[in-house]
Amino acid sequence: MDKRLNLNLNVWRQKNASDKGRFESYQLKDVSPHMSFLEMLDVLNEQIIKDGGDPVEFDNDCREGICGMCSLVIDGIPHGPQQRTASCQLHMRHYKDGDTITIEPFRAKGFPVIKDLAVDRGAFDRIVAAGGYVSVNTGNAPDGNAIPIAKEMADKAMDSSECIGCGACVAACPNASAALFVGAKISQYTYLPQGAPERTRRAERMIAQMDAEGFGNCSNHGECEAVCPKGISIVNIARMRREFVKTIFS
Amino acid sequence: MSKNGILDSKIPDGPIEQKWDRHKNNIKVVSPANKRKFKILVVGTGLAGASASASLAELGYQVQTFCIQDSPRRAHSIAAQGGINAAKNYQNDNDSVFRLFYDTVKGGDFRAREANVYRLAQLSTNIIDQCVAQGVPFARDYGGLLANRSFGGVLVSRTFYARGQTGQQLLLGAYGAMMRQVDLGGVELFARREMLDLVVIDGKARGIVVRNLITGEIETYSGDAVLLCTGGYGNIYYLSTNAKNSNATAAWRCYKKGAFFANPNFTQIHPTCIPVSGDYQSKLTLMSESLRNDGRVWVPKKAGDNRHPNDIPEADRDYYLERRYPSYGNLVPRDVASRNAKYVCDEGRGVGETKLAVYLDFADAIKRLGEDTIRDRYGNLFEMYERITGENPYKAPMRIYPAVHYTMGGLWVDYNLMSTIPGLFVLGEANFSDHGANRLGASALMQGLADGYFVIPYTIGEYLAGEKLPKVSTADEPFSKSVKQINDNIQRLLNIKGKKTVTEFHRELGLIMWDKVGMSRNADGLREALKLIPELRKEFWENVQIPGDAKNLNKNLEFAGRVADFLELGELMALDALERNESCGGHFREDFQTPEGEALRDDENYCYTAIWEDQGTGKKPLMHKEPLTFEYVKLTQRSYK
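Quick caveat, the model's predicted, so the values are computed rather than measured.

Digging into the overall build of chain A
Line of reasoning, step 1. In terms of helices and strands, chain A carries 8 helices and 7 strands.
Line of reasoning, step 2. Oriented by its inertia axes, the alpha-carbon framework of chain A measures out at about 60 × 40 × 35 Å.
Line of reasoning, step 3. The 250 residues of chain A split such that 55% are buried.

Quick word on the domain arrangement of chain B
Residues and elements named next belong to chain B.
Line of reasoning, step 1. Domains assigned within chain B are domain 1 (270–404) and domain 2 (477–627).
Line of reasoning, step 2. The element best represented in the side of domain 1 that touches domain 2 is helix α9 (residues 334–346), accounting for 5 residues.
Line of reasoning, step 3. Broken down by class, the residue content of the side of domain 1 that touches domain 2 amounts to 2 nonpolar, 1 polar and 3 charged.

Quick word on the nonpolar core
Line of reasoning, step 1. Counting 283 residues, the largest nonpolar core has C169 of chain A together with V43, L227, L228, L411, L424 and F425 of chain B as the members making the most contacts within it.
Line of reasoning, step 2. The element contributing the most residues to this core is helix α16 (residues 555–579) of chain B, with 14 residues.
Line of reasoning, step 3. With near-sequence residues (within four places) excluded, L424 of chain B lies in contact with L198, A205, V226, L228, C254, A259, M418 and S419 of chain B.

Here we look at the domain arrangement of chain A
Residues and elements named next belong to chain A.
Line of reasoning, step 1. When its domains are assigned, chain A resolves into domain 1 (5–115) and domain 2 (121–249).
Line of reasoning, step 2. The gap between the C-alpha centroids of domain 1 and domain 2 is 29 Å.
Line of reasoning, step 3. Facing 18 residues of domain 1, the contacting portion of domain 2 comprises 18 residues.

Side note on the sheet that holds strand β15 (residues 398–407) of chain B
All names here are of chain B.
Line of reasoning, step 1. Judged by pairing direction, the sheet is antiparallel, and its 5 strands sit side by side in the order β11-β15-β14-β12-β13 without closing on themselves. Of all strands in the sheet, those bounded by a partner on one side alone are β11 (267–273) and β13 (317–318).
Line of reasoning, step 2. Note: strand β14 (residues 358–361) against β15, 3 bridges, orientation antiparallel. What sits directly across from L360, in β15, is M398.

As for the interface of chain A and chain B
Line of reasoning, step 1. Contact with chain A, which involves 68 residues of that partner, is made by 65 residues of chain B.
Line of reasoning, step 2. Looking at the side of chain A that touches chain B, the elements with two or more residues in it are α1 (37–50), β6 (113–115), α2 (122–129), α3 (151–161) and α5 (179–190) of chain A.
Line of reasoning, step 3. Take the side of chain A that touches chain B: its biggest share by element is 6 residues, from α1 of chain A.
Line of reasoning, step 4. Across the side of chain A that touches chain B, the residue classes tally to 28 nonpolar, 23 polar and 17 charged.

Rules behind the numbers
- Residues numbered from 1 in each chain as written.
- Chains lettered and ligands numbered in written order.
- Predicted model: local features only at pLDDT ≥ 70, side-chain atom pairs only at ≥ 80, totals over all residues.
- Helix = DSSP H or I, 4+ residues; strand = E, 2+ residues; numbered from the N terminus.
- Buried ≥ 20, exposed ≤ 12 C-beta atoms within 10 Å, placed from the backbone.
- Domains from an automatic or database assignment.
- Nonpolar A, V, L, I, M, F, W, Y, C, P; charged D, E, K, R; others polar.
- Core = buried A, V, L, I, M, F, W, Y, C linked by C-beta atoms within 7 Å.
- Contact = placed C-beta atoms within 7 Å.
- Pairing = 2+ DSSP bridges.

What follows is the structure, given as structure tokens:
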């Protein structure tokens, strides 16, 4: 049997959006290294409930790194220390016995805290509503092979489209900028013929909505790319800027 | 079934290839001016819910859409990996609508409706076109045309895919289409809401009651029709590949209000999942079936062979699927692959620490195609495997084991996707209609999108144009009555203040379900489950411990309501499995098998859909039957040899 871990956890507790919030410490014993980080929190919560306390609320759903719902800052890094890995896919084998781990919510003006580690990311939906799609009604489609798309272009569109909308990019950015999220969506459609007719309008509206939601500007720190669980490249931000410049001259 | 009764399936007359077109020509169309007067409530934003919301709003209906997650983009369709089927015949391998229809009926072990399956196969090609038009970045070849791969249970290559994230890409397409309607004012979106009741007025579905998961407030919404797109109930097993929030509650509350439940026991156990590693395990992770295109499944020939897999020579390995099913090999359907994995583990030949796993080996494929090609095809899946297990599948075989993945059963619907409650429509995994007793890979995405994009926009017109729907208000008594009941129920749960957590009850129920109503069942085990589940339910209502209150985000309270419903649904599943004295697809009864250990169907006595009508908690539900007739696919013993 693998060696079990005893851990000290500093967890952000906040009753609701208006509560000031504070850290609370917990001791957790006998943690299996095969557990996922969220399973470790499950075990903590069972312990808290048994002790008559209020469990730590944290968002999660698929627990396989694709839904984008989990949103923890672990020891100061959104989604924790392992690169290209969402919080739910981080496993305890990356920790040592006796470690102290600090767990906080994603922090940004655009993501108000709901309770404990859960935040409101509705701003991302409103940005997508402003143009993160191809305007095509159901039933209007030609044959799927009618428009060939070069493999390299389809692959690049896919690279951008892999974004899971978790918001780690915002949480990592010193300016709390959503440029990587918005850039990825805008870029996806610049590689494809389907999105072309409305690309200027899309960039204009999505960027305006991003600003309206209170996200900061990008100043090329690159923290977003470093924490992105899908490895979305900062190149997407450059493409977004190019699209934005085009809107000025259109 | 009588043509006039409540269970009239409304299957149109005529040759199967003309049924859908004829039906479309005959059903009523709502005028554009009237469409905007109708309000449709859509619950769930997976492929079915998002595509339906978008398509109905495009037509001019007022749509209100509800989802349980913080964003509609997170619905569990997002996690589907491998692909979506369509009968395009782009590979020139003699695929056709008929062949997809045939494969699906056969794959479902002859327990699905022929007419529904044929329509699904017909619509499959429109789905691909629609998704391409939305900018879904499907895989393409160097000529710029769409690429395909193979999935289990078929002999052609008809699966379209976007790396190992096809569900994500299709959902983002449908979500985008829906968000466009949010922007245009056609869809009003309500996130972090859980549906807790259906409001039925004058026998028709006229509204829903939801809990705002942030404020705890119970909210009411009225409308002219309700679309339930809330997915399946695999989470009843506690461990499954479903997301943590996936649950049966919305469907179950509709069942309690008069919607009949069809084939509840039909559950899909997916053969290729990462095995359980410990008792803290919270969910299981699927490794896409597409891996079986290039991976070979094996176990050691001898029980107790503890050598490292790379040290076991060819002669000491048993590639049992290739041996037993030479024509389909590693690509047999899911139920067959799962069952065989169980057999070899039962024989003591399982591998890994728990001995509940088999190898999925890519060494030959890497030798044949090179590591780069394998990385290109499955890179993200290999990465995911390594993240979870800490082992590198390029160097040693993966360890896999079956896990609960999908439920073929669901609320009964007619050809128009309407349940036994007029005005309540059920789409996607939440209904029972297309997959029979076993779903083929890459067919769930197809069905969710067919229902939402191409079926409901037509069939809902037949209902809305044909019914008198007087105005209702959420101030009406049925709404306030429902709100009171829900509040009372929540208070009752919070007041129990027992000693066992919700998770402990859920795990316990899951174990009963997995042992007795799982991959293989027998009459004694099912009878035992029918004793154990009500006992556990009783204990739950006396001894559950729920922290906190109902006035803010409280996941334990949410889960308590869902587990309470699972504790009723589990009993129905066991009962359904016990009454079906045959084996078919995922429903494998040990007491009904061929000498070779294959499922032994009994078409003479069980060629029907079992449809259950609630009689109140604790009372035995009433079973109705919808006979299944097969005019186009001959009823045969399924063989993949």
